[in-house]
Amino acid sequence: MSNRGEQKLLKQSTVLMFAVAIAGIVTGFISGSESILFDGFFSLIATFIKVLMLITAQLIAKESNQRFQFGFWHLEPMVLLIEGSFLLLIAIYAFLNGVFGIINGGRDIELGMVIVYAAVFTVVEFGYYFWVRRKNRKLKSTLIQFDNISWLVDAMLSVGLLISFVTALILKQQGYAQWAAYVDPAILILLALSMLAPAFKILRPALRDVLGIAPDALDDKVRDVLEEVSARHGFEGYKTYVQKHGRARFIEIHIVLPAGYPLTGIKTLDGFREEISGMLGAADSARWLTISFTGDRKWIA
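Residues numbered from 1 in each chain as written. Predicted model: local features only at pLDDT ≥ 70, side-chain atom pairs only at ≥ 80, totals over all residues. Heavy atoms only, no water.

(A) Quick look at the overall build of the protein. A count of helical and extended segments in the protein gives ten helices and three strands. Reading the protein from its N terminus to its C terminus gives the helix and strand order α-α-α-α-α-α-α-α-α-β-β-α-β. On C-alpha atoms alone, the protein measures out to a radius of gyration of 26 Å, which is more than a quarter above the 19 Å that the 2.2 N^0.38 rule sets for 301 residues. When its C-alpha atoms are laid out on the principal axes, the protein stretches across 95 × 35 × 30 Å. Across the 301 residues of the protein, 46% fall into the buried class. Surface summary for the protein: the accessible area is close to 15,700 Å², and the carbon and sulfur share equals 64%. Side chains of the protein carry 29 positive and 26 negative charges; the gap between the two charge centres is 5 Å. (Helix = DSSP H or I, 4+ residues; strand = E, 2+ residues; numbered from the N terminus. Rg over C-alpha atoms; globule rule 2.2 N^0.38 Å. Buried < 20%, exposed > 50% of the residue type's maximum accessible area, 1.4 Å probe, protein only. Areas by Shrake-Rupley, 256 points an atom, 1.4 Å probe, with all protein chains shown as cover. Lys, Arg positive; Asp, Glu negative; His and termini not counted. Charge placed at Lys NZ, Arg CZ, Asp CG, Glu CD.)

Right, dumping it as structure tokens:
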């Protein structure tokens, strides 16, 4: 994966999201639409999250140092956890704001302006989302993948806003202006509910990584490989440990050799290491693999 390409996309995404945020906040204040204002503040918070992601990508690209001897991989799930938490908090705030808006009799807004806003940004945000998704097929960046979710959410918000404001305009033209006033808070509630799924999609894997929960798929794969290798070479036992931080995978394997196991030298052990490494998949900079051998089980407890 090209970290330079990853950073370039994150910078571009940050600048564009900030522009969307300013446009949304200004339009929201002028038109009096709480849902447009909410869309703008969501984009502003997303901009700050993107800045954190960019800093994280830059740190990951650096070499490990004395303080962070395993590198900066652990920062990636922490940033994603912050992003998911912000999305969840914004959704709760928007939901409550919409409910109070309906209770207070709705809101009258300038429909012409907000319809143009929603239409333009629906096209822009969906276009950028699909363009980035195509780019990330080569980069295969977790940061880009989750960062792009914010563009999908923003595009969904714009679609919802467009449909709602067109509906409100039709209601006004048909003589139902009193009902049109409830469209803005009602769509705010729907937008808030639609944001819950993306928020939890980000939170769940990020929380697992931050807490250090072993990834099931990786754990099963390592165990299957060791079962096969142990049966083939007659190992007495083994113990495996796996952990994941963002895209980094940490794999620790301890193998017990039976007493009197025939070894012709260190090359034999290195040969076992090469075999296990190959069966686990292609090595890359994000995989930390440690394989040790012992004749005493106490060293693998």
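After that view, the rundown keeps rolling.
(B) Structural view of the UniProt feature "transmembrane region" (unreviewed entry) in the protein. The UniProt feature table records "transmembrane region" (unreviewed entry) at residues 12-30, 36-57, 78-103, 109-131, 151-171 and 177-200. Within the segment residues 12-30, helix and strand shares are 100% and 0% respectively, and the terminal C-alpha atoms sit 28 Å apart. Taken end to end, residues 109-131 has its terminal C-alpha atoms 33 Å apart, with 91% of it in helix and 0% in strand. (UniProt positions renumbered as here; feature names shortened; annotations may be inferred.)

(C) Up close: empty space enclosed by the protein. Per the counting criterion, the structure on display carries three cavities of 30 Å³ or more. Approximately 90 Å³ is the volume attributed to the largest cavity. Taken together, Phe42, Ile45, Ala46, Ile49, Lys50, Met53, Glu83, Phe86, Leu87, Ile90, Asp147 and Ser150 make up the full set of residues lining the largest cavity. In terms of residue count, the dominant contributor to the lining of the largest cavity is helix H2 (residues 34-60) (six residues). Along the lines of polarity and charge, the residues of the lining of the largest cavity split into eight nonpolar, one polar and three charged. Volume-wise, the second largest cavity comes out at about 60 Å³. The biggest single contributor to the lining of the second largest cavity is helix H5 (residues 142-173), with three residues. (1 Å grid on protein atoms, 1.4 Å probe; cavity = no way out; pocket = protein on both sides within 12 Å on 5 of 7 lines; lining within 4 Å. Points joined across faces, edges and corners; volume = space filled by probe spheres on them. Nonpolar A, V, L, I, M, F, W, Y, C, P; charged D, E, K, R; others polar.)

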